[in-house]
Amino acid sequence: MDPFGLSQHEWSNSYTDLSSHSARAHDPVVEASSISLERWIAPSSPAFGPDFTVADALPDIVLLTVDQVRFHAHLRRLLHASANSFGGLLAKIPDDRTVAVPERASVLSIALRVLYGLPCLHMHPALDDVDLATEALVTYGIDVRRLAAPSLPLYQLILSFAPSHPIEAYCVAGRYDLQDVAIAASSSLLTYDLSTLPDALVARMGPTYCKRLVDLEKLRQSALGELLDVPVAAHPPSPACDNSRSQLDKVWKTAIAAAVWDGSFENIAQTVFETYEEVRTTSLCTECKSALEERIENAAREWAAVKAQG
């Protein structure tokens, strides 16, 4: 079963249930000769060629991009997913079953892969093309939210940009109301300065997701401060401890300052360990060392839970 509820059996069924007043009235069993391959000069997409078979069904429609690349697809698939006859382009099918679309091949390839549930990451597309492909799917009457579950290509594709382009990836997710993607992408925005957010990106992500991002930043900063403000556990006085307790407090307070400044526990942990390395060769006792290491581990787990909030 695909995201739109079309089973493999339904893929193979006839179109007898489709309206005679639309392209759905066309016979789904298309002989190779009925699509005049000899007439086409434009090349075909490697992935969406004449032999692109789904559930034992050969393609029966061709989408021709503005840069003259042919994408062979399945009419039933496109119409089943679309709420507007694929933007009206498939309301009436030409005799040669070739329909011109306004997208470039690089954009349509992403859109069709997402629609068919095919892998996309290996293509390494530009984020702008991913955005345009998602926009095209919306224009063609397709609910992209149903295509953006964590197990599906669109989710994985947008999220792949989060480490290198976090705010842009979040913006794409927000623009199309892809909540799961936005939450996942927001974990890469821990150190992003929202005061530098361009107005153009604010407009594209929309007021709802912009407010969520601002609220999330406040929540995370508050939670980060709270979890790091918990002191390292003390231990009973010991002659071997010397002034280790004061040194231990210094290490942890340095970490807190870094946390508030950077908003990233990853940087804090590094600061803690660097400072710890400076004092470990002095009089920091074994109990203090153990307490510090335990506090760092606990804070890391707590911060991981904070990051997951959205």
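These lines cover the structure that appears in this document, whether it is placed above or below. Source: prediction; values computed, not measured.

For the rest of this paragraph, the subject is the packing of aromatic side chains. Scanning the entire structure with this criterion turns up six aromatic pairs. Centroid distance Phe 48 to Phe 71: 5.8 Å. Interplanar angle 45°. Geometry classified as tilted. One end of the pair, Phe 48, is in the loop between helix H1 (8-12) and strand S1 (61-64); the other, Phe 71, is in strand S2 (residues 70-73), with 23 residues separating them in the sequence. Exposure class is identical for Phe 48 and Phe 71. Each is buried. Taken together, the ring pairs in this structure connect Phe 48, Phe 52, Phe 71 and Tyr 116 into an aromatic cluster. Seen from the ring of Tyr 116, Arg 77 lies directly overhead, with NZ or CZ sitting 5.3 Å from the centre. Over the ring of Tyr 209 we find Arg 212; its NZ or CZ atom is 4.7 Å from the centre of that ring.

Taking every second residue as pointing to the same face, both faces of S2 are buried, with Arg 70 and His 72 on one and Phe 71 and Ala 73 on the other. Bridge count between S1 and S2: four bridges; the pairing is antiparallel. Considered in S2, the bridge of Leu 64 is made with Arg 70. Where S1 folds back onto S2 in an antiparallel hairpin, the turn is made up of five residues, including Gln 68, whose phi is positive at roughly 65°.

In this fold, Asp 129 is placed in helix H4 (residues 127-139). Leaving out residues up to four positions away in the same chain, Asp 129 has contacts with Arg 104, Ser 106, Val 107 and Ile 110.

A complete count under the given rule lists seven salt bridges for this structure. Measuring nitrogen to oxygen at the nearest pair gives 3.6 Å for the salt bridge that ties Arg 145 to Asp 177. Linking Arg 145 in the loop between H4 and helix H5 (153-159) with Asp 177 in the loop between helix H6 (166-175) and helix H7 (179-186), this pair joins segments that are 32 residues apart in sequence. Judged by its relative accessible area of 35%, Asp 177 falls in the partly exposed class. Across the pair Asp 215 and Lys 211 runs a salt bridge, and its minimum N-O distance is 2.7 Å. Here Asp 215 and its partner Lys 211 are both found in helix H8 (residues 199-229), four residues apart, which amounts to about one turn of the helix. Beyond isolated ion pairs, a larger network of salt bridges with shared partners links Asp 131, Glu 135, Arg 175 and Arg 204.

On to the sheet that holds S1, then. Taken in spatial order, the three strands line up as S2-S1-S3 in an open sheet, and their pairing is mixed. Two strands in the sheet have a free side with no partner beyond their single neighbour: S2 and strand S3 (98-100). Pairs of neighbouring strands in the sheet enclose a mean axial angle of 30°, with direction left out of account. Those strands touched by helix H3 (residues 105-116) are S1 and S2, and its axis lies near 15° from that of S2.

Turning our eyes to something else, we now look at the environment of Glu 294. Within the fold, Glu 294 resides in helix H11 (residues 286-307). Taking relative accessible area as the criterion, Glu 294 reaches 48% and is therefore assigned partly exposed.

By size, the foremost hydrophobic cluster in this structure holds 63 residues, and its most contacted members are Leu 63, Leu 78, Leu 90, Leu 112 and Leu 178. Per-element tally for this core: the top contributor is H3, with nine residues. With residues near it in sequence (within four places) discarded, Leu 178 still touches Val 144, Arg 145, Ala 148, Leu 154, Ile 158, Ala 173 and Tyr 209.

Reading guide: rules and limits
Residues numbered from 1 in each chain as written. Predicted model: local features only at pLDDT ≥ 70, side-chain atom pairs only at ≥ 80, totals over all residues. Heavy atoms only, no water. Phe/Tyr/Trp six-rings, centres within 6.5 Å; stacked < 30°, edge-to-face > 60°. Helix = DSSP H or I, 4+ residues; strand = E, 2+ residues; numbered from the N terminus. Buried < 20%, exposed > 50% of the residue type's maximum accessible area, 1.4 Å probe, protein only. Lys NZ or Arg CZ within 6 Å of the ring centre and 35° of its normal. Pairing = 2+ DSSP bridges. Contact = heavy atoms within 4.5 Å. Salt bridge = Lys/Arg side-chain N within 4 Å of Asp/Glu carboxyl O. Axes fitted to C-alpha atoms, helices over the stretch in contact; angles between N-to-C directions. Core = buried A, V, L, I, M, F, W, Y, C linked by side-chain atoms within 4.5 Å.

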